[in-house]
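# Examination of the molecular architecture
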Amino acid sequence: MPLSEPSAKISEFVGLNNRAEPRAMRPGELTVADNVDLDDRKKIRRRRGYSGALTLPNLTALWATPDEERLFAVAAGSLYEIRGEYAAVELAGGLSDQETYWDWDGERVFVSNTARDMVIHGETAYPLVVPRPMSGPSFAVVDGNLPAGRYLIAVLHEDIYGRQGGASPVAVVQLEDNQGLQIIPQAPVAGYETRFLATRANGTELRRAYQGPAFTDLGQLGAALEDAQYAGFDPVAGGPIAYHAGRLWKGLSQGTSGLVAASHPYWTHLFEYGRNDFMLPGRITGLADVQRDHLLIGTSRGVWVNNLESGLTQLTDYGMPAGQAITRDRNGVVYFWTVRGICRALPFENLSEQVLAAAPGERAAVGVVEDAGFARLLTLTRDDGGTPDNSAR
């Protein structure tokens, strides 16, 4: 270097900055940083390589529980858990190769796939849906000990784990003294038992009835049906999900608009489709619980947070790519990738907009990786996905 050229001592590297003019950059800023790591002393070192540990043909999804104790995958339409020394144990089949979304409540893992939604509880996976009967029960009047009056009757399905779905439409029958009802079985639904429900004479509250050959005595009536079972509906399969405020939330998209819908509290398989739903512009691309108080919603048009008490607040007027663009660290801090780089919530902050202009990708996945004693935020994108939304200065 000629003596007339200015020089600078670089004592540490601070990362990428591809938005500033080179002459305006500070010593230690980089315009390119391919295949390198910055360590905790802010020194550059060559990125470590990797080796294959397990082969799963047609792998389309991979997710670890936030406590990093369990790892799950979807490959060739099957749901797997990766256990021990990278052994793949098949839990269920019948999934599609489309986007799969995941979340958990600390015990159960929820899996949202366009072919079917699943729940993983312990070592077992089963469908999220307990199908709601579409028609009321058929019946015949028989001899019995019921008092005269009008009776409402219905049926529901119960799975082998004791989960009950929503009640069918009710049938109304008028009985005379000393009569009863013989319920005519409907076509069985594989994997579910049909349970009979009835009111007392002239009542409106459905109760579980003793599952005998006939309903002939009021002593056969048991506990009242839960409110969620009157108004709960089967969830639509697929779409982003989040477990938040005791509910399972789903993002559903149609054209250029998105709907966010919630289950009934603690009935994750029965959705309200009404009171707590809301529409947003753009396709829903991601959902996440934030600090238990807010639901983060990403769409192709913007990012919002929703609170059950205060409602919606818009964080950005720029969108979030499709894929798995939301993650959180061990402390529960949520990070997410947008068309203007990486952001954090809450409070909201765009962490990279001022120094990094990167193509957002057609799809993106974000994760926090702990290595060598400190944490890195890793973002993977697929395809260029257009030009950076925040062009270089």
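Structural data are supplied above this passage.
A quick note: this is a predicted structure, and the numbers were derived from the prediction, not measured.

Definitions and cut-offs
Residues numbered from 1 in each chain as written. Predicted model: local features only at pLDDT ≥ 70, side-chain atom pairs only at ≥ 80, totals over all residues. Heavy atoms only, no water. Helix = DSSP H or I, 4+ residues; strand = E, 2+ residues; numbered from the N terminus. Rg over C-alpha atoms; globule rule 2.2 N^0.38 Å. Buried < 20%, exposed > 50% of the residue type's maximum accessible area, 1.4 Å probe, protein only. Contact = heavy atoms within 4.5 Å. Polar contact = N/O pair within 3.5 Å; in protein donor to acceptor, adjacent residues only side chain to side chain. Core = buried A, V, L, I, M, F, W, Y, C linked by side-chain atoms within 4.5 Å. Pairing = 2+ DSSP bridges. Axes fitted to C-alpha atoms, helices over the stretch in contact; angles between N-to-C directions. Salt bridge = Lys/Arg side-chain N within 4 Å of Asp/Glu carboxyl O.

## Observations regarding the overall build of the chain
Within the chain, the regular secondary structure consists of one helix and 35 strands. A compact globule built from 393 residues should have a C-alpha radius of gyration of about 21 Å, whereas the chain, at 27 Å, is more than 25% larger. Within the chain, buried positions represent 44% of all 393 residues. In the chain, of all internal contacts separated by at least 6 residues, the share reaching a separation of at least 24 is 50%.

## A closer look at the side chain of S352
Inspection of the secondary structure assignment puts S352 in the loop between β33 (349-350) and β34 (363-371). Polar contacts involving the side chain of S352 include one to the main-chain amide nitrogen of I342, which spans 2.9 Å. Excluding its chain neighbours within four sequence positions, the residues that come into contact with S352 are R340, G341 and I342.

## Topic: the side chain of D159
Within the fold, D159 resides in strand β14 (residues 149-159). Of note is the side chain of D159, whose polar atom sits 2.9 Å from the backbone nitrogen of Y161. Those residues in contact with D159 that sit more than four places away from it in its chain are V130, G191 and Y192.

## Concerning the nonpolar core
Soluble, globular proteins show a tendency: their nonpolar side chains are buried together. Counting 17 residues, the largest nonpolar core has L296, V303, M320, I326, V334, F336 and W337 as the members making the most contacts within it. Within the residue set of this core, elements represented by two or more residues are β25 (284-290), β27 (303-307), β31 (334-338), β32 (341-345) and β34. Sequence-distant contacts of V334, that is, excluding residues within four places in its chain, are made with D289, V290, L296, I326, T327, R328, C343, R344 and A345. Residues L91, V109, V111 and I120 belong to the second largest nonpolar core, which totals 15 residues.

## Structural notes on the pairing of β14
Of all eleven residues in β14, ten are buried; the element is thus mostly enclosed. For β14 and strand β17 (residues 192-198), the ladder comprises seven bridges, and the chain directions are antiparallel. Bridging across to β17, D159 finds its partner in Y192.

## As for the environment of E353
Within the fold, E353 resides in the loop between β33 and β34. Put simply, E353 and L56 are 297 residues apart on the chain and 37 Å apart in space, counted from C-alpha to C-alpha.

## What about the sheet that holds strand β9 (residues 100-104)?
Across a sheet, paired strands are connected by hydrogen bonds in the backbone, their directions being either parallel or antiparallel. If you trace the four strands from one edge of the open sheet to the other, you get β9-β10-β11-β12, paired in antiparallel fashion. Here the strands that pair on one side only, and so sit at the sheet edges, are β9 and β12 (124-127). Across this sheet, the average inter-strand angle for adjacent strands is 20°, counted without regard to direction. The pairing of strand β10 (residues 108-113) with strand β11 (residues 118-121) spans four bridges and is antiparallel.

## Quick look at the pattern of salt bridges
Under the definition given, this model contains 15 salt bridges. Salt-bridge contacts for E81 lead to R83; the nearest nitrogen and oxygen are separated by 3.0 Å. Residue classification places E81 among the buried residues on the basis of a relative accessible area of 6%. Taking relative accessible area as the criterion, R83 reaches 26% and is therefore assigned partly exposed. Measuring nitrogen to oxygen at the nearest pair gives 3.3 Å for the salt bridge that ties E353 to R340. Of this pair, E353 sits in the loop between β33 and β34 while R340 sits in the loop between β31 and β32, placing them 13 residues apart in sequence. Under the relative-accessibility criterion, E353 is labelled buried at 18%. When salt bridges that share partners are traced, they join R70, E81, R83 and E123 into one network.

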